Amino acid sequence: MILAEETRTRHSPSQATATETRLADVWRVVVLNDPVNLMSYVVMVFKKVFGFDELRARRHMIEVHEKGRSIVWTGVREQAEAYVFTLHQWHLNAVIETDEAR
Amino acid sequence: MKRVEVKLNLEAVAPLLDAIKEAADELRPELAVASAPPPDGEPEFADGWKRELLDNQNSDIGVFLALFDSEFFTTGVLPLDASNSEAILRACAAVRLRLHAKHLATLGDEALESGEVAVDDLPESQRRAFAAYAFLATLQELIVQHLDPTVME
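Residues numbered from 1 in each chain as written. Chains lettered and ligands numbered in written order. Predicted model: local features only at pLDDT ≥ 70, side-chain atom pairs only at ≥ 80, totals over all residues.

1. A look at the interface of chain A and chain B
Next up, step 1: Across the contact, 19 residues belong to chain A and 24 residues belong to chain B.
Next up, step 2: Those elements giving two or more residues to the side of chain A that touches chain B turn out to be α3 (39-50), α5 (77-89) and β3 (93-98) of chain A. (Contact = placed C-beta atoms within 7 Å. Helix = DSSP H or I, 4+ residues; strand = E, 2+ residues; numbered from the N terminus.)

2. Section: the environment of Leu136 of chain B
Residues and elements named next belong to chain B.
Next up, step 1: Positionally, Leu136 belongs in helix α6 (residues 124-147).
Next up, step 2: For Leu136, a count of 25 C-beta atoms within 10 Å gives the class buried.
Next up, step 3: Linking Leu136 and Ala93, residues 43 residues apart in sequence, is a C-alpha distance of 8.0 Å.
Next up, step 4: If near-sequence neighbours (up to four positions away) are discounted, Leu136 is found in contact with Cys92, Val95 and Arg96. (Buried ≥ 20, exposed ≤ 12 C-beta atoms within 10 Å, placed from the backbone.)

3. Description of the packing of helix α2 (residues 43-65) of chain B against helix α4 (residues 85-104) of chain B
Residue and element names in this part refer to chain B.
Next up, step 1: Where α2 contacts α4, the two axes come as close as 8 Å, and the packing angle between them is 105°. Between α2 and α4, the angle falls in the class roughly perpendicular. Note on element contacts: α4 touches α2 through Ala87, Ile88, Arg90, Ala91, Cys92 and Ala94, opposite Gln57, Asp60, Ile61, Val63 and Phe64.
Next up, step 2: Across the contact of α2 with α4, the residue classes break down as 8 nonpolar, 1 polar and 2 charged. (Axes fitted to C-alpha atoms, helices over the stretch in contact; angles between N-to-C directions. Parallel < 35°, antiparallel > 145°, perpendicular 65-115°, else oblique. Nonpolar A, V, L, I, M, F, W, Y, C, P; charged D, E, K, R; others polar.)

4. As for the nonpolar core
Next up, step 1: Among the nonpolar cores identified, the biggest contains 57 residues, and Val29, Val42 and Phe46 of chain A together with Cys92 and Val95 of chain B are the most heavily contacted of them.
Next up, step 2: Excluding residues within four positions of it along the chain, Cys92 of chain B makes contact with Phe64, Leu136, Leu139 and Gln140 of chain B. (Core = buried A, V, L, I, M, F, W, Y, C linked by C-beta atoms within 7 Å.)

5. Comments concerning unusual backbone geometry
Next up, step 1: With phi around 65°, His91 of chain A is a residue other than glycine that occupies positive phi space.
Next up, step 2: Position of His91 of chain A relative to the elements: it lies in the loop between α5 and β3.

6. Points about the confidence of the model for chain B
All names here are of chain B.
Next up, step 1: On average, chain B scores 91 in pLDDT, and the residues at 70 or more come to 97%.
Next up, step 2: Taking the mean pLDDT of every element in chain B, the minimum, 64, falls on helix α7 (residues 149-152) and the maximum, 97, on α4.
Next up, step 3: Predicted complex metrics record ipTM = 0.91 and pTM = 0.86. (pLDDT = per-residue confidence, 0-100.)

7. Observations regarding the environment of Leu97 of chain B
Next up, step 1: With respect to the secondary-structure elements, Leu97 of chain B resides in helix α4.
Next up, step 2: Taking C-alpha positions, Leu97 of chain B is 9.9 Å from Leu31 of chain B, a pair spaced 66 residues apart along the chain.
Next up, step 3: When neighbours within four sequence positions are excluded, Leu97 of chain B is seen to be in contact with Val36 and His91 of chain A together with Ala32 and Val33 of chain B.

8. Some words on helix α4 (residues 54-67) of chain A
Residues and elements named next belong to chain A.
Next up, step 1: Taking 1.5 Å of rise per residue, the 14 residues of α4 would be expected to cover 20 Å, and the 20 Å separating its terminal C-alpha atoms lies within 8% of that figure.
Next up, step 2: As for α4, its buried residues are in contact with β1 (27-32), α3 and β2 (69-75).
Next up, step 3: Backbone geometry just downstream of α4 places Gly68 in the positive-phi region, at approximately 90°. (Expected span 1.5 Å × (residues − 1).)

9. Considering the sheet that holds β2 of chain A
Residues and elements named next belong to chain A.
Next up, step 1: Strands sit in the order β2-β1-β3 across an open sheet of 3 strands; the sheet is antiparallel. Edge positions in the open sheet fall to β2 and β3, since each of these has one partner strand only. Each strand axis lies, on average, 25° off the axis of its neighbour in the sheet, ignoring direction.
Next up, step 2: In this structure, β1 lies alongside β3, joined through 6 bridges in antiparallel fashion. What sits directly across from Leu32, in β3, is Asn93. (Pairing = 2+ DSSP bridges.)

Dropping the structure here:
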């Protein structure tokens with residue numbers, strides 16, 4: 001790919017690999033607002049899935065409610081996928097995003 | 001094991017069960033929340049992702065509907081404990097999402113959130129859906145309040 005070719009000419013292989021790994025590793029779990037699920041239910045799910053304390057869970061719930069979305073976790077893709085799957089099991093609207101998506 | 005028994009008025013709840021069962025039946029082949037698998041995954045991964053979510057959803061709804069057995073129609077009591085509370089919470093969420101999507105979206109989010117709905121002005125099917133939606137919310141609140149899985153762990 002052109003991008004890979006350019007990367008090779010601009011950076012040493014080790015630098016390029018490190019950059020790619022860092023980008024690939026940063027994924028966000030984003031919870032989106034929905035008009036149905038109860039606030040107390042969403043707080044409980046955040047506590048259950050992410051181990052948040054009450055205050056942090058409520059903060060994220062309010063952010064979802066007021067801003068339409070909240071980034072609830074950041075990290076490697078596999079774990080982000082597992083979290084999104086679990087949130088879907090609890091019927092919360094959640095997606096994963098990369099840094100590049102913003 | 002902590003256990004909560006919720007005594008319900010059979011006359012009030014029985015009519016709501018039709019709306020709940022109808023929504024539950026409609027959810028058998030489809031997810032309550034449109035679940036997009038992560039991007040760039042293999043088609044098999046996406047299929048497996050949705051199939052597993054659907055299996056879980058149906059299992060939860062099965063646990064929930066099993067509460068309304070012949071004993072319930074004799075006593076009016078719903079027995080809730082740690083063994084069924086999470087499945088019931090999720091099932092209530094799924095059925096509420098379905099009721100909202102099919103019957104209640106036109107009422108507006110603010111009215112639904114505040115509960116300020118002119119119920120008497122609604123057509124019968126929508127009135128029953130709203131009552132079921134509110135009943136399931138109350139059940140969820142009771143479980144979160146008394147059987148919060150994050151407290152019981």
